[in-house]
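A look at the structure
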Amino acid sequence: MSHCLEETNFSKPTYCDHCQGLLWGLVKQGLKCSGCGAVSHFNCQKELKPCDNPKLTDDPPVYRKPDYDSPAANALRSLQQQHMNDPSSASTPTMEGSSLSKLKKIATSEEFQNVLVSAAIHSSDTTQPPNEYLANLPPLNPQNTAKNFSRFVSRCGPMFAFRDSVILLLSWNKPIDTLAALIAYCLICLHPKLILLVPHVILLQIIISGYTKKFGSKNEKEAADKDHNNQHQGRKPQPKRSTSASTASSLGGSRFNFASALFPAFDEASPEYLKNMQNLQNMMGEMSDLYDLVASKSHLVDWSSETETMRFFQGALISLGALASVIWFVPLNVIFLVGGIAMFLLNTRFAKFVLKEMLPQVAEIGQSQVDSAVQWYTQVEKRLDDQANVKELSLYENQRWWSGSGFVPHMLPHERGIWSDMSGTIELAPKEELPAPDGYHWIEDNWSLDQNGPWIDEILGIEVMVSPENGGWVYTDNNWENPRNGNNLINNQQSETSDDKSVTRRRRWVRKCERDINSKKYNLPDTN
């Protein structure tokens, strides 16, 4: 009879009933028959003996004694039997069963459900502060200010020590260390994933350095005692291996505390405390200088000078486009690689001397180039402003052909007006009554007739090629479309027997206007 096999999770070591091998894995390690309880690997299911009990039951698995046991299988089975017979192990489930059961117990517990409900209620309560840290900041207090300031000064030494170390490293104070740092930086730029190893390398370096300082001081102290005894016995003293180590042993000996050396807290009367105070004083001055420098350039962004702010805005847009192109086409690690190498090289003594001597001349050349670019831009801007200051307005005169009357200024109901724009959707006053747009004044006394074309759409800026006829008229069909070429009119009359369907016509009048001075100053919008 065939087995009824199902994938099963085994929480303890289990063996295949065919090959006697261990079922490996964390979940669903093998198959189990729901009838007889036989278990097997996935690859051994076809080799199992027929099922002894085809009836499906919930009985536990029946482990039959195999015909042959390998030494490894016997050893594992012996350990399993000892584990099952040990009373203390009954309450110690396997790691997998314990973790899953604990998670399942927590997820299905009533306490967890109450926590979810309380969290939902708490999230909808707008009276609670959005951030506990900002809501619970201590109030301003002179005693707390003095206390915290003193604590900060006594503990801020590592921050400035790190700053000084970076500056000295970039300044090639120790060429070998700087070269090693440069190589490491290049490797990180070429393989950015290496940056994940940096915290571990720093931690290991700190631990190894602490070990060297602590246990090295012991050895140095023992060597010093030995030399002292040799001197008393008339023997030649052995040379000391390290002056710094001897100094460390004399200061702390075997009681050296690396934690206090890495994160020192100095007393207010110590020289280190005064050094930290000096660093804080200088840092506050540097931050204030930086703030004043930024504030002095605020006129470039606060629109106090519209011209400068607009130029700065346009320059920011242009630089943004250029930077976006660089970022898109050049890999970021290459940018950091080039920038980092340049930073290292520019801080060499040779480069700093050259920059110091040549910087005034280079700055002068650069300033002249910037002035030339600003002057060119100003001229282009002025030319564009002049073109915008003087504009040409268009006014179109419309007529329709009527039998017996010819072309007269009489339109159909709901049709364009006698005077309108190019599209005919906006009706305008006659040219004798049409005023100049707001902020402009006429610079020509009268309107002039456009007898050549082309016509320009002032909204879209599109030129329309037309062929004006006598009097500047352009003839179109009943829908004011399809302009014709040629003159089929005789004495301003339309032939009723003619096939020509040009029953409408229009012509363009133009006149120039100029922007007022007040409009230039306050940049008033143009209106037609």
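The written sequence of each chain sets the order in which its residues are numbered from 1. Only residues with pLDDT of 70 or above have their local features reported here, since the model is predicted, and side-chain atom pairs are shown and tallied only from 80 upward, although totals for entire chains, interfaces and linings are computed over all residues. Side-chain descriptors were evaluated using all non-hydrogen atoms of the structure, hydrogens and water having been removed beforehand.

For the exposure calls, accessible area comes from a 1.4 Å probe over protein chains only, and a residue counts as buried if that area is under 20% of its type's maximum, exposed if over 50%, partly exposed in between. Secondary structure follows DSSP: runs of H or I at least 4 residues long count as helices, runs of E at least 2 residues long count as strands, and numbering of each begins at the N terminus. Among the 12 residues of strand β12 (residues 504–515), 10 are classified as buried, and the element is accordingly described as predominantly covered. Whether two strands pair comes down to DSSP finding at least two bridges between them. Inspection of the sheet shows strand β4 (residues 390–402) paired to β12 by 11 bridges, in the antiparallel sense. Each bridged residue has a counterpart across the sheet, and for R400 the counterpart in β12 is T504. Where strand β7 (residues 440–442) and β12 come together, 3 bridges link them in antiparallel fashion.

A separate point is the packing of aromatic side chains. Ring pairs shown here join Phe, Tyr and Trp side chains whose ring centres sit within 6.5 Å, with only the six-membered ring taken for Trp; geometry is labelled stacked below 30 degrees between planes, edge-to-face above 60, and tilted in between. Taken as a whole, this structure holds 4 aromatic pairs when the rule is applied. Here Y185 and F344 contribute two aromatic rings whose centre-to-centre distance is 6.3 Å and whose plane-to-plane angle is 50°, an arrangement assigned as tilted. Highlighted residues: Y185 in helix α7 (residues 175–190) and F344 in helix α13 (residues 332–346), separated in sequence by 159 residues. The class of F344 is buried, set by a relative accessible area of 7%. On the numbers, 5.3 Å between centres and 70° between planes, the contact of F407 with Y475 is edge-to-face. On the criterion of sequence distance, the pair formed by F407 in strand β5 (residues 406–408) and Y475 in strand β11 (residues 474–476) is long-range, its members being 68 residues apart. Geometry around Y475 places R484 over its ring, the cationic atom sitting 4.2 Å from the centre. The rule is short: NZ of Lys or CZ of Arg within 6 Å of the ring centre and within 35 degrees of the ring normal puts a charge over the ring. Stacked on the ring of W473, the Lys or Arg R505 has its end atom at 4.0 Å from the ring centre.

A separate point is the pairing of strand β2 (residues 30–33). Residues in a regular strand point their side chains to alternate faces of the sheet. Bridge count between strand β1 (residues 5–8) and β2: 4 bridges; the pairing is antiparallel. Counted as the bridge partner of E6 is K32 from β2. Taken together, the 2 bridges between β2 and strand β3 (residues 39–40) define a ladder with antiparallel strand orientation. Bridge pairing links L31 to S40 in β3. Adjacent in sequence and paired antiparallel, β2 and β3 are bridged by 5 residues, among which G37 carries a positive phi angle near 85°.

Attention now goes to the confidence of the model for the protein chain. Here the protein chain averages 79 in pLDDT, while 77% of its residues score no lower than 70. When pLDDT is averaged over each element of the protein chain, strand β6 (residues 419–420) comes out on top at 94 and helix α9 (residues 243–251) at the bottom at 41. How sure the predictor is of each residue is captured by pLDDT, a score from 0 to 100. Note on definitions: a residue-residue contact is assigned when non-hydrogen atoms from the two residues lie within 4.5 Å. Segment residues 56–68: pLDDT under 50, and 16 contacts once partners within four positions in sequence are set aside and those in other chains are kept.

Moving on, we come to the side chain of R484. Looking at the element boundaries, R484 is found in the loop between β11 and β12. Counting of polar contacts relies on pairs of N or O atoms within 3.5 Å, with two restrictions inside protein: one atom must be capable of donating a hydrogen and the other of accepting it, and residues adjacent in sequence are counted only when both atoms are side-chain atoms. In this structure the side chain of R484 is engaged in a polar contact, spanning 3.2 Å, whose partner is the side chain of E469.

This next bit is on the packing of helix α6 (residues 157–170) against helix α11 (residues 271–296). Between two packed helices, both the angle of their axes relative to each other and the distance between the axes serve to describe the pair. Each axis is a line fitted through C-alpha atoms, and for a helix only the stretch in contact is used; angles between axes span 0 to 180 degrees, taken between their N-to-C directions. One way to put it is that α6 packs onto α11 with a least axis distance of 10 Å and a crossing angle of 65°. Of the possible angle classes, the one that applies to α6 and α11 is roughly perpendicular. Handedness of the crossing formed by α6 with α11: left-handed. On α11, the residues touching G157, F160 and R163 of α6 are N276, N279, L280 and M283. The class makeup of the residues in the contact of α6 with α11 is 3 nonpolar, 3 polar and 1 charged. Small angles under 35 degrees read as roughly parallel and large ones over 145 as roughly antiparallel, with 65 to 115 read as roughly perpendicular and the rest as oblique. Should the near helix be turned anticlockwise from the far one by less than a right angle, the crossing is left-handed, and should it be turned clockwise, the crossing is right-handed. When residue character is reported, Ala, Val, Leu, Ile, Met, Phe, Trp, Tyr, Cys and Pro are called nonpolar, Asp, Glu, Lys and Arg charged, and the others, Gly included, polar.

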